[in-house]
Amino acid sequence: MRLIFATLLASSFAWSQPKLDFWPGAQYDPALPTFQKVLGYGPGERISSHTNLMRYLETLAQAAPTRMKIFEYARSWEDRKLVYAAIGSEANIRRLDVIKAAMQKPGDPRKNLAGMPVVLWLGYGVHGNEISSPDAALLTAYHLLAARRDKMVDDILANVLVLIDPTQNPDGRDRFVHNFEQSEGVEPDASPIAAEHNEPWPMGRTNHYNFDLNRDWFAITQPETRGRIKTLREWLPIVFVDLHEMGAESTYYFAPEAIPFNPHLVPEQKTSLDLFGKNNAKWFDHYGFSYFTREVYDAFYPGYGASWPSYYGSVAMTYENASSRGLLMRRSDDSTFHFRDTVQRHFVASISTAEAAAKHRDTLFDNFDRYRRTAIEEGSKEAIREYILPRRGDVSAIDKLAQLLADQGVQLKRATAAFASYPAGTYVISLAQPAKRLIRTLLDVDIPLEQKFMEEQERRRKKKLPDEIYDVTAWSLPLLYNVECIAAPAISQGQFEEFKAVPKPAGFVKATVAYLVPWGTRAGAQLLTAALRAGLRVHSTDKAFEQNGRTFPPGTLIFKVKENVATLHETMVKIQGAAEVVATDTGWVENGINFGSRYVTLIKRPTVALAWDRPTLAGSAGHARFVLERQFGYPVTVIRSTQFTTADLSKFQVIILPDGAYADAFGAPVQKRLKDWVQAGGTLIGIQGALAFLSDPKVGLLAVSAESLAKEKEPEAPKKSETETRTPGKVLTDEASYLKAIQADSELPDAVQGIIGRARTDPDHWLTVGLPETVNAVVEGRNVYTPIKLDKGVNAVVYLEAAKLLASGYMWSENKKQLAWKPLAIVQGEGRGYVIGFTADPNYRAYLDGLNLLFLNAVFRGPAHSR
């Protein structure tokens, strides 16, 4: 029925539209199946679902098995296939394994790659509601297979192996298609305010957990990214293109990128961008397509699809297309354009890119060779010769970081014995390897932005013009994980082995009194959630104690044998994971509190609710849910915000309000229900924008206030009388006094563009148990809140003084001064419960592992301390 409906709509609309010749003059082999034959509509007449994308690709592969192969590389959270299609000459398709192996061979790439095709990866639709590129992927595959007597196509197939990833985000794609088909009527509506152009929350941009997959490349939190990175490492495509969409009022963007460039990109990568840009311009000029380059889209952040491949030596690019967000769109100048127009532009850009790759094959191979060879040479000579990750502190976080680097092609060694001041198990990463520039990009404390670029941003800021910083300015993985990382100027001497897998934890004997799990590692937190789900009775201490000569830190988990099931030991073995478990046969301690102290609390299994749907920000909601459900294995009940009016909140011990604007959505009845619920013993956690709601005096759940921009006090101007119409005169002596005179009397702080800031923890509060003295947070936006007064609550985590606050990134000087000594985490008692506020999101992109324990303490220790 759905296919019939779609076909009828397509045919009725196509009747009134002129036929579009996607590549004028092309002649196609009638033996190759067309869109119309397989799907019942022509290219660009419908927005193809994931099912239809797969159906058409598979049909093409069956029709041309000697020139096309399909490989599955991942499954989405919703169990949709992610595939890539390899398209090339019959000779190249026969030797796919040989081509792949040649890219991996050590030694001289020029010799290894002699006679090999350039591997080109075309990635489509990483944002599910950027709809034109997946359909263009199908058209690209058809054209390469079906075009006859076409010298350009023949050259491409002979000299390029084209790998087509038709939809990088199938869950988001189908979410958009479903919403579109629900909204469309008898004919496409060009009005930009029509329902078919405007998606409900969370929209189709993101994946199942509302992750922007085009920010996940080095974090690799999502299965789509994990499979793609693994596949790219197998092929090492020398050219990589990520095809996107932008606003309807735009034209088309292709490389070269805008500044700033990441300083670890090499000159040859930048000049290669011109090769592809000029070829795209040739074809766009030929067809009369408007375009722009060197604006908006930069190559600074390494987590883009158009950035990460650069660090193994690829030429990586973003293409952006004006989006119809449906089948027909009207612009502000009353011109209209069709979905088919957008499909054609991405199709032409795809073929043009393949042509340029074939034309510049030798240059691309030479540049790839030079990139990898000079990476090794630089790593052997530069001031930083290796990075050292000492395996101490939160060893599970360090192990995770080591595995994350290995998954991206970084070569690591592991110490089999202690050396210098470092323990056995320490990871050592030599910079003399092809991945040297990736290592520096991910592990350096700071990656500087180009000075001229930042001077321009400061100039713009003074005039209240928006800055041109596209994404975050800091992402150092050791800082995000809050682990020690040493930049060493010399090669370490010791006993090392090649890193293959993270070590397994030591076992433990059967206890007669209790099992102890020291708190302070992500592995310990994973064991806690597993224990709660297994029905174990778990206690935890708020203070340290010493037993058998060892100090156990605050937060240590205590599993008392007599208070648990007879199979406790077997269960502890099963759920241990990477955590350290210590068996004890006595409750006696040499120092500190005993197991029966008033400072030992029972951690009951809380039922956790998370506000979902508008007005929450989809990313913040999805990241919080993902961290709890997938990183720590704890279930969450997501509740649509409209249900807070009637839902029985007493069923939950924890409610999380992600970032969002709640003032209009949560009126007086919901405010009262939340307040009554907290006073009855609930733990209410607010993240970032939610604090504006909680701190509203009418709501009265958090006794802090959002700050406006801090300004130097000036002498008060003489007051004019009520009858006086003139303002007292003032002499402006220079440009500085003029600029001061035109500033608003009151305004918000300037937005911070994604820096990493340092904050110190309160060692006496249960919210911070297990955390080190200082932690790092990703700070963005304008959220600056007053500290809470001592009679109202506790500032559990507070930003450091201005001189020490900035750990990485670029921060406006005024923000640095104003954010110093302001709270990151606030706890306020309310009746029998607690309100906990985070002024920065502790789950940001789910790569801020160093704040995992802070968030989990809120979720699990909040209810444990409620009365």
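The residue count restarts for each chain, going from 1 along the sequence in the order it is written. Only residues with pLDDT of at least 70 get local features here, since the model is predicted, and only at 80 or more are side-chain atom pairs given and counted; chain-wide, interface and lining totals rely on the full set of residues. Side-chain metrics rest on all non-hydrogen atoms present in the structure, leaving aside hydrogens and water.

Chemist: Got a sec to walk through the packing of helix 11 (residues 267-287) against helix 12 (residues 339-359)? Specific residues and values, please.
Modeler: One way to put it is that helix 11 packs onto helix 12 with a least axis distance of 9 Å and a crossing angle of 135°. Relative to helix 12, the element helix 11 is oriented oblique. In the packing of helix 11 onto helix 12, the handedness of the crossing is right-handed. Packed against helix 11, whose contacting residues are Leu275, Phe276, Asn279, Asn280, Lys282, Trp283, Phe284 and Tyr287, the element helix 12 presents Arg345, Val348, Ala349, Ser352, Thr353, Glu355, Ala356, Ala357 and Lys359 at the interface. Side-chain classes follow a simple rule in which Ala, Val, Leu, Ile, Met, Phe, Trp, Tyr, Cys and Pro form the nonpolar group, Asp, Glu, Lys and Arg form the charged group, and the remainder, Gly included, forms the polar group. Class assignment for the residues of the contact of helix 11 with helix 12 results in nine nonpolar, four polar and four charged. All axes are obtained by fitting lines to C-alpha atoms, using only the stretch in contact for helices, and the reported angles, taken between N-to-C directions, cover 0 to 180 degrees. By definition, any uninterrupted DSSP run of H or I lasting at least four residues is a helix, any uninterrupted run of E lasting at least two residues is a strand, and each is numbered from the N terminus. Here the angle decides the label: under 35 degrees means roughly parallel, over 145 means roughly antiparallel, 65 to 115 means roughly perpendicular, and every other value means oblique. In this scheme the handedness of a crossing depends on how the near helix is turned from the far one: anticlockwise by less than a right angle means left-handed, clockwise means right-handed. Any two residues having at least one pair of non-hydrogen atoms within 4.5 Å are treated as being in contact.

Chemist: Requested: an account of the environment of Val704, with residues and values cited.
Modeler: Along the polypeptide, Val704 turns up in the loop between helix 22 (690-694) and helix 23 (735-741). Between the C-alpha atom of Val704 and that of Gly837, which follows or precedes it by 133 residues, the distance is 9.8 Å. If we ignore the near neighbours within four places in the chain, the residues touching Val704 are Ser695, Tyr785, Thr786, Pro787, Ile788 and Ile826.

Chemist: Describe the sheet that holds strand 22 (residues 582-584), naming the residues involved and giving the relevant values.
Modeler: Adjacent strands of a sheet pair through backbone hydrogen bonds, lying either parallel or antiparallel. Here the rule is simple: two strands pair whenever DSSP picks up at least two bridges between them. Within the open sheet, the five strands sit side by side as 22-17-21-18-24. Their pairing is antiparallel. The open sheet has two edge strands with one neighbour each: strand 22 and strand 24 (600-603). Strand after strand, the sheet turns through a mean of 30° between neighbouring axes, direction not considered. In terms of strand pairing, strand 17 (residues 514-517) meets strand 21 (residues 557-560) through four bridges, oriented antiparallel.

Chemist: Requested: an account of the packing of helix 18 (residues 522-533) against helix 26 (residues 852-865), with residues and values cited.
Modeler: Packing of helix 18 against helix 26 brings their axes to within 10 Å, and their N-to-C directions diverge by 25°. Judged by the angle between their axes, helix 18 and helix 26 are roughly parallel. Taken as a pair, helix 18 and helix 26 cross one another with a handedness that is left-handed. For the pair helix 18 and helix 26, contact is made by Arg522, Ala525, Leu528, Thr529 and Leu532 and by Asn852, Leu853, Leu856 and Phe860, respectively. Of the residues belonging to the contact of helix 18 with helix 26, the class tally is six nonpolar, two polar and one charged.

Chemist: Go over helix 3 (residues 50-63) with me, naming the residues and quoting the values.
Modeler: By definition here, a helix of n residues has an expected span of 1.5 Å times n minus one. For helix 3, spanning 14 residues, the distance from its first C-alpha to its last is 20 Å, which sits close to the expected 20 Å at 1.5 Å a residue. When a residue's accessible area, from a 1.4 Å probe over protein chains only, is under 20% of the maximum for its type it is buried; when over 50% it is exposed; and in between it is partly exposed. The set of residues buried in helix 3 consists of His50, Asn52, Leu53, Met54, Tyr56, Leu57, Leu60 and Ala61. Elements that come into contact with the buried residues of helix 3 comprise helix 2 (35-39), strand 1 (68-75), strand 2 (81-87), helix 7 (132-146) and helix 9 (170-183).

Chemist: Go over the side chain of Asn321, please, and point to the residues and values.
Modeler: Following the sequence through the fold, Asn321 ends up in strand 9 (residues 315-322). Contact partners of Asn321, with chain neighbours within four places excluded, come to Ser132, His244, Glu245, Met246, Thr251, Tyr252, Thr342, Arg345 and His346.

Chemist: So what about the sheet that holds strand 13 (residues 413-415)? Which residues, and what values?
Modeler: Pairing within the open sheet is antiparallel, and its five strands lie in the order 15-12-14-13-16. The sheet terminates laterally at strand 15 (486-488) and strand 16 (496-498), the two strands that pair on one side only. Direction aside, the axes of adjacent strands within the sheet are offset by 30° on average. With three bridges joining them, strand 13 and strand 16 adopt antiparallel strand pairing. Directly across from Ala415, in strand 16, lies its bridge partner Phe496.

Chemist: Provide a residue-level description of a nonpolar patch on the surface, including the pertinent values.
Modeler: Together, Leu732, Tyr738 and Ile742 make up an exposed nonpolar region whose accessible area comes to about 290 Å². Residue placement: Ile742 occurs in the loop between helix 23 and strand 29 (752-761). To count toward a patch, a residue needs a relative accessible area above 30% and no salt bridge. Like charges then connect within 9 Å, nonpolar side chains (Val, Leu, Ile, Met, Phe, Trp, Tyr) within 5 Å. We get accessible surface area from the Shrake-Rupley algorithm with a probe of 1.4 Å; when it comes to residues, only the shown protein chains can shield them. Salt bridges, as used here, are contacts in which a Lys or Arg side-chain nitrogen is within 4 Å of a carboxyl oxygen on Asp or Glu.

Chemist: Quick one: what's the story with the packing of aromatic side chains, residue by residue and with numbers?
Modeler: Pairing of aromatic side chains requires ring centres within 6.5 Å, counting the rings of Phe and Tyr and the six-membered ring of Trp. Pairs whose planes differ by under 30 degrees are stacked, by over 60 edge-to-face, and all others tilted. Applying the stated rule across the entire model yields 50 aromatic pairs. Taking the centre distance of 5.5 Å and the plane angle of 65° together, the rings of Tyr297 and Tyr470 count as edge-to-face. Taken as a pair, Tyr297 in the loop between helix 11 and strand 8 (298-299) and Tyr470 in the loop between helix 16 (451-462) and helix 17 (477-481) lie far apart in primary sequence, 173 residues in all. Residue Tyr297 is classed as buried on the basis of its relative accessible area of 10%. Judged by relative accessible area, Tyr470 falls into the partly exposed class, the value being 34%. Relative to Tyr515, the ring of Phe508 lies with its centre 5.7 Å away and its plane at 75°, an arrangement referred to as edge-to-face. By the burial criterion, Phe508 is buried, and Tyr515 matches it. Three or more aromatic residues link up through ring pairs in this structure, and these residues are Phe218, Tyr253, Phe292, Tyr297, Phe300, Tyr301, Tyr304, Tyr470, Trp475, Tyr844 and Tyr847. Between Arg550 and the ring centre of Phe552, over which it is positioned, the NZ or CZ distance is 4.9 Å. As a reminder, the over-ring test applies to NZ of lysine and CZ of arginine, requiring each to be within 6 Å of the ring centre and within 35 degrees of the ring normal. One residue, Arg625, lies across the ring of Trp612, its end atom 5.1 Å from the ring centre.

Chemist: Describe the pattern of salt bridges, and please don't skip the residues or the numbers.
Modeler: With the rule as written, the count across this model stands at 52 salt bridges. The salt bridge partner of Glu378 is Arg437, with a shortest N-O separation of 3.0 Å. Taken together, the residues span a long stretch of sequence, with Glu378 in helix 13 (residues 361-381) and Arg437 in helix 15 (residues 436-443) at a distance of 59 residues. Glu382 serves as the salt-bridge partner of Arg440, at 3.2 Å between the closest nitrogen and oxygen. Of this pair, Arg440 sits in helix 15 while Glu382 is found in the loop between helix 13 and strand 12 (386-389), placing the two residues 58 residues apart along the sequence. Residue Arg440 is classed as buried on the basis of its relative accessible area, which comes to 15%. Within this structure, Glu458, Arg461, Lys464, Lys711, Glu747, Asp750 and Glu814 form a network of salt bridges that share partners.

Chemist: Describe the confidence of the model for the protein chain, with residues and values.
Modeler: Averaged over every residue, the pLDDT of the protein chain is 95; the share at 70 or more is 96%. Every residue carries a pLDDT, the predictor's confidence in it, which falls somewhere between 0 and 100. The low-confidence segment residues 1-16 (pLDDT under 50) makes 18 contacts with residues lying over four places distant or belonging to another chain.

Chemist: Report on the nonpolar core, specifying residues and quantitative values.
Modeler: Within the largest apolar cluster, 229 residues are counted, with the highest numbers of intra-cluster contacts made by Val239, Leu405, Leu477, Phe559, Met572 and Ile656. Here the element with the most residues in this core is helix 12; it accounts for ten residues. In this structure Ile656 touches Val608, Ala609, Leu610, Ala611, Leu628, Ile685, Ile687, Phe855 and Val859, once residues within four positions along its chain are discounted. Counting 28 residues, the second-largest nonpolar core is a separate cluster that includes Ala611, Tyr662, Trp677 and Leu694. Here, nonpolar core means buried Ala, Val, Leu, Ile, Met, Phe, Trp, Tyr and Cys residues that are tied together by side-chain atoms lying within 4.5 Å of each other.

Chemist: Could you give an account of unusual backbone geometry, with specific residues and numbers?
Modeler: Pro256 follows Ala255 through a cis peptide bond whose omega is 15°. By the secondary structure assignment, Pro256 is in the loop between strand 6 (252-253) and strand 7 (258-261). Here the phi dihedral of Asp79 falls at roughly 65°; this positive angle occurs in a residue that is not glycine. Its location among the elements puts Asp79 in the loop between strand 1 and strand 2. Unusually for a residue other than glycine, Ala846 sits at a positive phi of about 55°.

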